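So the chains spell out like this:
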Amino acid sequence: MNQTKQTNRRIVLASRPAGAPVPDNLRLETAAIPQPGDGQVLLRTVYLSLDPYMRGRMNDAESYSAPVELGAVMGAGTVSRVEASNHADFAPGDWVLGYSGWQDYALSDGGDVKKLQGDALAHPSWALGVLGMPGFTAYMGLMDIGQPKAGETVVVAAASGAVGSVVGQVARLKGCRTVGIAGGKDKCRYAVETLGFDVCVDRRAPDFAGQLARACPDGIDIYFENVGGAVFDAVIPLLNTSARIPLCGLIANYNMQELPEGRDRLPFLQALLLRKRIRMQGYIITLDYAHRYDEFIQAMSPWVGQGKVVMREDIVDGLEQAPQAFIGLLEGKNFGKLVVRVGSDQL
C-alpha cells in the first residue's frame, strides 16, 4: 500500500508481546485524513524513525513514559512536510521534526514540532539520526557522563548502530583510543574503515571476551553501554579505576518477559564500583537533556558538515514494512540508523 491523499494508514498496537514482538502484535488500519482546525497544521509523514526504546512502550509496565494503549498508534519520531496550514508560523511544504508516530498524517498545533534548518534541510532523514535523538543521545552521554580525555580508551557497544557510531567518532575527535563492539565481520569492518574506530571486536566470536581483553591492553576508561548481557559481562573485568559508564539502553534485555535477578553477581559488581570508584549512570535523553539540545546541534552540525561525523542509514520503503523492520531491529538485523520512508518527499 502506498501513501495517498485519500486515507490515513496507521499502525496500531493490537496486542502486547509476550517476549519478542511478532507481526500480530501490530495492525495496519486506515482512517480518514484529519482536517486542521484554527491554529493547526496537517503533517504528512515522509520519514519514520524505528528505535529500540519502542519495545518497552509496548509493555503495560511502569517506565519513564506511558505505555502505548491497545488500539493506539505506535509512537515514533518523524520527519514530515506540512500538507496544509492554518498556523501563521508554518506554510505548506515546510519540513518539520515531530512525533507523529506510525501513520501517514497527523495534526499539530506547532508546539510539538521543530522546523528543519541547515544540513537537515539538505538531508531531512538526518534529523532522525546523526542530527536527531540518536546523535543527541550519543553526544550528551559521552560528553557529560563519560567526560572523555585525550589518550583514554573508550569502548562502545553496538558500534555500527545509530548511537554507537556517533559515540565512537566523537571520542576519536576528542583524542581517545576507540574500541568498537559489533555483531558480524561486515559491521566491524565498517566501524574501522568508515567510522575510524581503532579496532572493532565481533561480539559473535567464540572467544569474544579474550579478543576484547587483547584490544584493551590498558583497560577501559569509558564504556558506552546500550546493549547489556554478555557484552557487559566481558567489559566488567577490564574497567579501570575511575571508569565511567554512560547507560542509555539494554537491548539484550528488551524482549525478556522477566529480567534475571542476578543477585549472585550484585555484590561483586557493587564491590567493583566501590573499589575502583566507577561511575555508572543511566539517562533518558528526552528527560535529562532536552534543555541542552541547542548545545548538541552547535557542536554536531559543523562536524557533520565537514564530514568528520557520518552515519549510515538503513532505509526501508513503505509504512506497511515497519513492523517487520522493527522486529529485525531488535534482532540486530539492521545496519545503521533504521528509517522507514513512508511517503514521497515531494508535495
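What you are looking at is a predicted structure, and each value in this text was computed from that prediction instead of being measured.

### What about the overall build of the chain?
Line of reasoning, step 1. Assigned secondary structure in the chain consists of 11 helices and 15 strands.
Line of reasoning, step 2. A compact globule built from 347 residues should have a C-alpha radius of gyration of about 20 Å, and the chain, at 21 Å, falls within 12% of that.
Line of reasoning, step 3. Along the three orthogonal principal directions, the C-alpha set of the chain runs to about 60 × 45 × 35 Å.
Line of reasoning, step 4. Counting only residues that meet the buried cut, the chain has 51% of its 347 residues in that class.

### Describing helix H5 (residues 185-193)
Line of reasoning, step 1. Listed as buried for H5 are Lys187, Cys188, Tyr190 and Ala191. Down the axis of H5, the buried side of the element spans an arc of 160°, and every buried residue falls inside it. For H5, the exposed residues set more than 90 degrees away from the buried face come down to Lys185 and Glu193.
Line of reasoning, step 2. On the buried face of H5, the contacting elements are strand E9 (177-182) and strand E10 (199-202).

### As for the sheet that holds E9
Line of reasoning, step 1. The 6 strands lie next to each other as E10-E9-E8-E11-E12-E13, forming an open sheet whose pairing is parallel. Every other strand in the sheet has two partners, leaving E10 and strand E13 (279-282) as the edge strands with one partner each. The mean angle between the axes of side-by-side strands here comes to 15°, regardless of whether they run parallel or antiparallel.
Line of reasoning, step 2. For strand E8 (residues 153-156) and strand E11 (residues 220-224), the ladder comprises 3 bridges, and the chain directions are parallel. Residue Val154 lies in a different strand from E11, and its bridge partner there is Ile222.
Line of reasoning, step 3. Relative to the sheet, helix H6 (residues 208-215) contacts E8, E9 and E10, its axis offset from that of E10 by approximately 170°.

### Details of the side chain of Asp94
Line of reasoning, step 1. Here Asp94 is to be found in the loop between strand E4 (78-85) and strand E5 (95-98).
Line of reasoning, step 2. Polar side-chain contacts of Asp94 include one of 2.8 Å to the backbone nitrogen of Ala91.
Line of reasoning, step 3. Look past the residues within four positions of Asp94 in its chain and what remains in contact with it is Ser80, Arg81, Val82, Asp89 and Lys115.

### Regarding the nonpolar core
Line of reasoning, step 1. Val79, Val130 and Met300 are the most contacted members of the largest nonpolar core, which totals 49 residues.
Line of reasoning, step 2. At the level of secondary structure, the elements contributing two or more residues to this core comprise strand E3 (41-49), E5, helix H3 (133-146), E8, helix H4 (162-173), H5, E11 and helix H10 (293-305).
Line of reasoning, step 3. When residues no more than four places from it in sequence are discounted, the contact partners of Val79 are Thr45, Val46, Tyr47, Trp95, Val96, Leu97, Leu116, Pro124, Ala127 and Leu128.
Line of reasoning, step 4. By size, the runner-up hydrophobic cluster in this structure holds 23 residues, among which are Val155, Leu212, Val231 and Leu272.

### Section: the pattern of salt bridges
Oppositely charged side chains can pair when the atoms bearing their charge come close.
Line of reasoning, step 1. For the coordinates displayed, the defined rule picks out 14 salt bridges.
Line of reasoning, step 2. Notably, a salt bridge pairs Asp317 with Arg341, separated by 2.6 Å at the nearest N-O pair. Pair noted here: Asp317 is in strand E14 (residues 313-317) and Arg341 is in strand E15 (residues 337-341), with a separation of 24 residues, a long-range link.
Line of reasoning, step 3. Note on Arg341: relative accessible area 32%, which makes it partly exposed.
Line of reasoning, step 4. Of the charged contacts, one joins Glu331 and Lys333 as a salt bridge, the two residues approaching to 3.1 Å between their closest N and O atoms.

### Considerations on the environment of Val201
Line of reasoning, step 1. As for its position among the elements, Val201 is in strand E10.
Line of reasoning, step 2. In sequence terms Val201 and Arg312 are 111 residues apart; their C-alpha atoms lie 19 Å from each other.
Line of reasoning, step 3. Those residues within four positions of Val201 in sequence are excluded, and the remaining contacts are Val179, Gly180, Ile181, Ala182, Cys188, Phe208, Gln211, Leu212 and Ala215.

Cut-off values and rules
Residues numbered from 1 in each chain as written. Predicted model: local features only at pLDDT ≥ 70, side-chain atom pairs only at ≥ 80, totals over all residues. Heavy atoms only, no water. Helix = DSSP H or I, 4+ residues; strand = E, 2+ residues; numbered from the N terminus. Rg over C-alpha atoms; globule rule 2.2 N^0.38 Å. Buried < 20%, exposed > 50% of the residue type's maximum accessible area, 1.4 Å probe, protein only. Arc of directions from axis to C-beta. Contact = heavy atoms within 4.5 Å. Pairing = 2+ DSSP bridges. Axes fitted to C-alpha atoms, helices over the stretch in contact; angles between N-to-C directions. Polar contact = N/O pair within 3.5 Å; in protein donor to acceptor, adjacent residues only side chain to side chain. Core = buried A, V, L, I, M, F, W, Y, C linked by side-chain atoms within 4.5 Å. Salt bridge = Lys/Arg side-chain N within 4 Å of Asp/Glu carboxyl O.

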